[in-house]
Amino acid sequence: MRKTLIAGNWKMNFTVTEAESFFKSFKIQKKEGVELLFCPPFTDIPITRFFLERSSILWGAQNVYPEDNGAFTGEISAPMLKDLGCSYVICGHSERRQILGESDELVARKVKAVLSHDMIPILCVGETGEERKEGQTEERIGSEIRTALFELSKEEAAKVVIAYEPIWAIGSGKAATPEGAEEIAVFIRKTVKETAGKKASEEVRILYGGSVNGDNMSHFLKQKDIDGALIGGASLKPETMIDIYSKA
Ligand code: 13P
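Residues numbered from 1 in each chain as written. Predicted model: local features only at pLDDT ≥ 70, side-chain atom pairs only at ≥ 80, totals over all residues. Heavy atoms only, no water.

Enquirer: Explain the site of the ligand to me, using residue names and the numbers behind them.
Expert: Looking at the ligand, there are 13 residues lining it, with Lys 11, His 93, Gly 171, Ser 211 and Gly 233 nearest. Lys 11 is positioned such that a nitrogen or oxygen atom in its side chain is 2.8 Å from an oxygen atom of the ligand. Note that an oxygen atom of the ligand is positioned 2.7 Å from one of the backbone N or O atoms of Ser 211. Summarising the interface, the protein chains cover 94% of the accessible area of the ligand, which totals 310 Å² for the free molecule. Looking at the shell around the ligand, its residues break down into four nonpolar, seven polar and two charged. (Near = heavy atom within 4 Å. Polar contact = N/O pair within 3.5 Å; in protein donor to acceptor, adjacent residues only side chain to side chain. Areas by Shrake-Rupley, 256 points an atom, 1.4 Å probe, with all protein chains shown as cover. Nonpolar A, V, L, I, M, F, W, Y, C, P; charged D, E, K, R; others polar.)

See the structure below:
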């Protein structure tokens, strides 16, 4: 049984003071079988840990550098995140691929580094609006997944969480249809099967991300191959995240 994962990606939002006020008004009733995760900016990880460490809620990071230490000014390594109690690390978010030019190869190294330090990578994949129009969605996502899983053992590949985040749906208020997202989730499982075998394809968790909110969330979760959501804007409001979690 794949465990549902509801993950909030705060992106570059919230100072420490703002994060503190978020968690002061964030109270949930724990649900069995549903993991709740927050990925704040690096600077908010210690305060997030302070508020969440005695709860069932998990925290993680939005990025990592794939070397353990050394002359990489401005970067943060997997052992540093592990030491802060992170359980998950987002790898290859489309904003990093597009704005910072991250390649599939760099993302693959990040995924490997996260797994090597006993954390779980959330590998983000997704097509632009243009690629969608040109019918290149599967080609784009397929190559993002194959490159990321190529160097992993089958056991490692099975642990990866893959977030399907169509770029045109991120922050646009125009989410994919649940059926459309399910179609891609099926394609993702097929690609994992071809790359890492049947067992990994059945165990890999697939999230949908892109304009998820309290109203559309349950429609995505009803899909057979979608195991949770990666939430941007809506994760910044405590009442919306409480609502989303309670419906999961
Ligand atoms: P929005 O939920 O704001 O569309 O962002 C999605 C996202 O990019 C999560 O990683």
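Enquirer: Residues and numbers for the pattern of salt bridges, please.
Expert: Note on pairing: side chains with opposite charge can pair once their charged atoms come close. Per the counting criterion, the structure on display carries 21 salt bridges. The residue Glu 32 makes a salt bridge to Lys 30 at a minimum N-O spacing of 3.4 Å. By relative accessible area, Glu 32 is classed as exposed at 70%. On the basis of relative accessibility, which here comes to 52%, the residue Lys 30 falls in the exposed class. Here Lys 198 ties to Glu 202 by a salt bridge, and the two come within 3.0 Å at their closest N and O atoms. Placement of both Lys 198 and Glu 202 in helix α10 (residues 198-203) is noted, with a separation of four residues, approximately one turn of the helix. When its relative accessible area of 41% is taken as the criterion, Glu 202 is described as partly exposed. (Salt bridge = Lys/Arg side-chain N within 4 Å of Asp/Glu carboxyl O. Buried < 20%, exposed > 50% of the residue type's maximum accessible area, 1.4 Å probe, protein only. Helix = DSSP H or I, 4+ residues; strand = E, 2+ residues; numbered from the N terminus.)

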